[in-house]
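# A closer look at the structure
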Amino acid sequence: MAQTFLHTLFGPRARAMQEADGSRASYARLEANAGPVDILTEREAGFIAARDSFYMASVSEQGWPYVQHRGGPAGFLRRIAGNRIGFADYRGNRQFLSAANLMADDRVSLFLMDYPNRRRLKLIGTARVSDDRAEIATLMPRGYAAEPERAFLIDVVGFDWNCPQHISPRFTEAEIREQTRPLLDELAELRARVTELEGRKP
């Protein structure tokens, strides 16, 4: 669950605001059960592996928050073992912002969205960049036309599932094709029948 996630992120001001709002007692009970990490289960691992994109936040050397989008085929972000997840970093605009940020502060936050089902998962952890070709190859999606330069390896400290409130459903082209395939198949069948009937006309 989110015990360690919340315990790690709650600071004195957040706790004071919760106290004033009346929500502190319930969060205090969650925090009391916090361990070193929130252990990833098959539920989280499956959700992570099904995503084709996510957002990753890091902190710049000047203390600015920086958020970067990462995308690829479903499964490009995956659990490696235990609480470690990772992905291959593809050649891009050569700004190296996330990679450079991790050299000064290895803390990251990931935001994963499932828009059709209105679900979201937040992760926090520590990350490092690897230039090991074997690790990169292991994380590179098979057959994907991108040039991998490095691997990002993230040790998850905590996670939190959020409620579906205020999430507007959105669908990818692949999801739309999948949902409309029966209608398109039926349309193609009807067109074929019309063509056949027209061909029988004297």
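Everything that follows concerns the structure shown earlier in this document.
Model, not experiment: these values are computed from the prediction. (Residues numbered from 1 in each chain as written. Predicted model: local features only at pLDDT ≥ 70, side-chain atom pairs only at ≥ 80, totals over all residues. Heavy atoms only, no water.)

## Let's talk about the pattern of salt bridges
What the rule picks out here adds up to 14 salt bridges. Across the pair Glu31 and Arg15 runs a salt bridge whose closest N-O atoms are separated by 2.6 Å. Of the two residues, Glu31 sits in helix 3 (residues 24-32) while Arg15 sits in helix 2 (residues 12-21), which places them 16 residues apart along the sequence. Between Glu149 and Arg150 there is a salt bridge, with its nearest N and O atoms 3.4 Å apart. For Glu149, a relative accessible area of 19% corresponds to the buried category. For Arg150, a relative accessible area of 12% gives the class buried. (Salt bridge = Lys/Arg side-chain N within 4 Å of Asp/Glu carboxyl O. Helix = DSSP H or I, 4+ residues; strand = E, 2+ residues; numbered from the N terminus. Buried < 20%, exposed > 50% of the residue type's maximum accessible area, 1.4 Å probe, protein only.)

## A closer look at the nonpolar core
Membership of the largest hydrophobic core comes to 29 residues, with the highest contact counts inside it found for Ile85, Leu110, Leu112 and Leu123. Mapped by element, the contributors of at least two residues to this core are helix 4 (42-50), strand 1 (53-59), strand 4 (84-90), helix 5 (97-104), strand 5 (107-114), strand 6 (119-130), helix 6 (133-139) and strand 7 (148-162). With 7 residues, strand 7 is the single largest residue contributor to this core. Sequence-distant contacts of Leu123, that is, excluding residues within four places in its chain, are made with Phe5, Leu40, Ile48, Ile85, Val108, Ser109, Leu110, Leu112, Val156, Gly158 and Phe159. Listed in part, the 5 residues of the second largest apolar core include Ala2, Phe5, Leu6 and Phe10. (Core = buried A, V, L, I, M, F, W, Y, C linked by side-chain atoms within 4.5 Å. Contact = heavy atoms within 4.5 Å.)

## What to know about the sheet that holds strand 7
One open sheet holds the 7 strands; their spatial order is 2-1-5-6-7-4-3, and the pairing between them is antiparallel. A single partner strand is all that each edge strand has here, and the edge strands are strand 2 (65-71) and strand 3 (78-81). Between one strand and the next, the sheet's axes are offset by a mean angle of 35 degrees, whatever the strand orientation. Both strand 3 and strand 4 contribute to a ladder of 3 bridges, which runs antiparallel. Across the sheet, residue Arg78 finds its bridge partner in strand 4, namely Gly86. Relative to strand 6, helix 4 is tilted by about 80 degrees, and along the sheet it contacts strand 3, strand 4, strand 5, strand 6 and strand 7. (Pairing = 2+ DSSP bridges. Axes fitted to C-alpha atoms, helices over the stretch in contact; angles between N-to-C directions.)

## Brief notes about the side chain of Arg51
Mapped onto the elements, Arg51 comes out in the loop between helix 4 and strand 1. Judged by its relative accessible area of 9%, Arg51 is buried. There is a polar contact of 2.9 Å between the side chain of Arg51 and the backbone oxygen of Phe47. Setting aside residues up to four positions removed in sequence, Arg51 forms contacts with Pro73, Ala74, Gly75, Phe76, Leu112, Met113 and Asp114. (Polar contact = N/O pair within 3.5 Å; in protein donor to acceptor, adjacent residues only side chain to side chain.)

## Topic: the packing of aromatic side chains
Within the structure shown, the criterion is met by 7 aromatic pairs. Between the aromatic rings of Phe10 and Tyr27, the centroid separation amounts to 5.4 Å while the plane-to-plane angle is 75 degrees, which identifies the pairing as edge-to-face. With Phe10 in the loop between helix 1 (3-9) and helix 2 and Tyr27 in helix 3, this pair connects stretches of sequence that are 17 residues apart. A relative accessible area of 30% means that Tyr27 is categorised as partly exposed. Here Phe87 and Phe152 contribute two aromatic rings whose centre-to-centre distance is 5.0 Å and whose plane-to-plane angle is 5 degrees, an arrangement assigned as stacked. Residue Phe87 is found in strand 4, and its partner Phe152 is found in strand 7; the two are separated by 65 residues along the sequence. Each member of the aromatic cluster is reached from another via a ring pair, and the members are Phe54, Phe76, Phe87 and Phe152. Positioned above the aromatic ring of Trp161, the side-chain terminus of Arg43 is 3.9 Å from the ring centre. The residue whose ring lies beneath Arg70 is Phe152, and the NZ or CZ to ring-centre distance is 5.9 Å. (Phe/Tyr/Trp six-rings, centres within 6.5 Å; stacked < 30°, edge-to-face > 60°. Lys NZ or Arg CZ within 6 Å of the ring centre and 35° of its normal.)

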